[in-house]
Each structure stands twice: as structure tokens, then as C-alpha cells.
Amino acid sequence: MSRIILASASPRRRELLLQIGLQFEVVESACEEKIESSLPEEVVCELSRQKAQDVWERLQDEKAVVIGADTVVAFDGRILGKPKDEAEACLMLQSLSGNTHQVYTGVTICYTAGGSMLSHTFYEKTEVDFYPMDEKEIRDYVTTGDPLDKAGAYGIQGRCAAYIKGIRGDYNNVVGLPVGRLYQELKECLPDEESGHL
């Protein structure tokens, strides 16, 4: 039976994997992130691959299946990562207010087949529409601290849900991991005799 390893310390990703009943361990990636692309779908794929491969190489366990993930928010051609402080969080939310943006999550699965390490990478994209937020609403939300550890300065599953007008795509992708797609991809990657534990 394969060990499933999540190469992320994100509590939201842990919760999503637990929600679908996966048994897994957490081993956080310590790699230095290097980005060569400016396209959000390529950036999240690159970073998820780096995280998964870093943990895979450190473990050296043929029975391990390592899952790396990275999420970014994109608006008007710009990638919005985690804000460095409250001022930047306010600026990000001002941009998103009353507009539509995209959330991309890249996922990489590293596993062994035929004695070799293989990796499979995919990304999911979700469109998110925001209601307008006034300055007080933005300040009040930012002072909760909730936006500071989240790409795009908001969490769809928290207080910011009050400003979500609608989404097109996978809700869980916006939280941080498209677990439905991930589960299907895991079934494809793992040999039949190994997939029964999923």
C-alpha cells in the first residue's frame, strides 16, 4: 500500500484531503521556489512540481505518492500571491472588489511505476465574481488577519464569503486543492492493485 504524502503545510489542503477520506502524512517542502513563467497556469504547475519533487527526493521511498500543490489568484493579467502586509492586502481586495478574477491551483503527483519515479502535473482554474466592497469593509476584513496567509488576500470559506457573488468551476480549487479532480487523477496514476485504499 502506498504512503500518500502531502507536500504542503496548508491547513486548508489538509482539511480537504480529510474531507474525501484520504489517509495521508504531511511533509512540508523546503525547496527554494524558482519561477520561469509569468502565466498563472504555468507558475502553479512549476511550483507544485518543485514542491512534490523536493519531498520525493528527500523521502527516497518507492511506496510514497507525493502530492505537491500551489495556488495563485490572477486579476487583469497579474498574479496575486500572499500579501506581505495589511496595506498590500487592502490593495489586492480593492482590485478584486466588484470584479471577476481567476484562481489557479497546480497539482503534481510523484509516484513510482516500473521502478522509476514518474510525475503527473495538472492545473484547475475557477472564475470568481466579487460584490463591491467599500473601504470600511475591506479594512474590517483585513484587520481580522484572515487575508494575510492567503493568495489574493482572501479566503472564500471565511468571512469574505459575504462578498462572493458567484463562481464558475470547482469551489474547492479556490480553497486550495481541487480534490475531486485530484482523486480521479490519483486513480489513473496508481496501479490497480494499489488504488483500492484510496
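No experiment lies behind these values; they were computed from the predicted model shown. (Residues numbered from 1 in each chain as written. Predicted model: local features only at pLDDT ≥ 70, side-chain atom pairs only at ≥ 80, totals over all residues. Heavy atoms only, no water.)

1. Some thoughts on helix α6 (residues 179-189)
- Of the residues making up α6, those classed as buried are Val179, Leu182, Glu185, Leu186 and Cys189. Here the buried residues of α6 occupy an arc of 120° about the axis, which is enough to place them on one side.
- Elements that come into contact with the buried residues of α6 comprise α1 (11-19), β3 (64-75), β5 (100-113), β6 (116-130) and α5 (171-175). (Buried < 20%, exposed > 50% of the residue type's maximum accessible area, 1.4 Å probe, protein only. Helix = DSSP H or I, 4+ residues; strand = E, 2+ residues; numbered from the N terminus. Arc of directions from axis to C-beta. Contact = heavy atoms within 4.5 Å.)

2. Things to note about the nonpolar core
- In terms of nonpolar packing, the biggest core is built from 43 residues, with Leu17, Leu93, Ile109, Phe130, Tyr154, Leu177 and Leu182 touching the most fellow members.
- One finds Ala7, Val27, Trp56 and Ala64 within the second-largest nonpolar core, a separate group that totals nine residues. (Core = buried A, V, L, I, M, F, W, Y, C linked by side-chain atoms within 4.5 Å.)

3. Remarks on the pairing of β5
- Of all the 14 residues making up β5, 12 are buried; the element is thus mostly covered by neighbouring parts of the structure.
- Pairing of β3 with β5, which is carried by nine bridges, proceeds in the antiparallel orientation. Within β5, the position partnered with isoleucine 67 by the bridge is isoleucine 109.
- Taking the residues between adjacent antiparallel strands as the criterion, β5 and β6 are bridged by two residues, where glycine 114 takes a positive phi near 60°. (Pairing = 2+ DSSP bridges.)

4. With respect to the side chain of lysine 150
- Relative to the helices and strands, lysine 150 is located in the loop between α4 (135-142) and β7 (164-168).
- Every residue in contact with lysine 150, bar those within four places of it in the chain, is listed here: Arg12, Gly81, Lys82, Pro83, Gly155 and Gln157.

5. Re the pattern of salt bridges
- Tallied over the full model, the rule gives 16 salt bridges.
- If you follow the salt bridges from partner to partner, you end up with Arg12, Asp146, Asp149 and Lys150 in one network. (Salt bridge = Lys/Arg side-chain N within 4 Å of Asp/Glu carboxyl O.)

6. Overview of the layout of surface pockets
- One number sums up the size of the largest pocket: a volume of about 630 Å³.
- Arg13, Lys51, Asp70, Thr71 and Lys82 are the residues nearest the centre of the largest pocket, which is lined by 32 residues in total.
- Element by element, the count of residues in the lining of the largest pocket is highest for β3, at five residues.
- When the residues that make up the lining of the largest pocket are grouped by side-chain class, the tally is 15 nonpolar, eight polar and nine charged. (1 Å grid on protein atoms, 1.4 Å probe; cavity = no way out; pocket = protein on both sides within 12 Å on 5 of 7 lines; lining within 4 Å. Points joined across faces, edges and corners; volume = space filled by probe spheres on them. Nonpolar A, V, L, I, M, F, W, Y, C, P; charged D, E, K, R; others polar.)

7. Let's talk about the pairing of strand β1 (residues 3-6)
- Strand direction decides the pairing type here: β1 and β3, joined by four bridges, are parallel. Paired with leucine 6 across the two strands is isoleucine 67, which belongs to β3.
- In this structure, β1 lies alongside strand β2 (residues 25-26), joined through two bridges in parallel fashion. Directly across from isoleucine 5, in β2, lies its bridge partner glutamate 25.

8. Observations concerning the packing of aromatic side chains
- Summed over the entire model, instances satisfying the criterion amount to two aromatic pairs.
- Judged by centre distance (6.1 Å) and plane angle (45°), the ring pair of tyrosine 104 and tyrosine 123 falls under tilted. With tyrosine 104 in strand β5 and tyrosine 123 in strand β6, this pair connects stretches of sequence that are 19 residues apart.
- The class of tyrosine 123 is partly exposed, set by a relative accessible area of 37%.
- Arranged with centres 5.0 Å apart and planes meeting at 80°, the rings of phenylalanine 130 and tyrosine 154 form a pair that is edge-to-face. Taken together, the residues phenylalanine 130 in strand β6 and tyrosine 154 in the loop between α4 and β7 connect sequence positions 24 residues apart. Take phenylalanine 130 and tyrosine 154: they sit in the same class, and that class is buried. (Phe/Tyr/Trp six-rings, centres within 6.5 Å; stacked < 30°, edge-to-face > 60°.)

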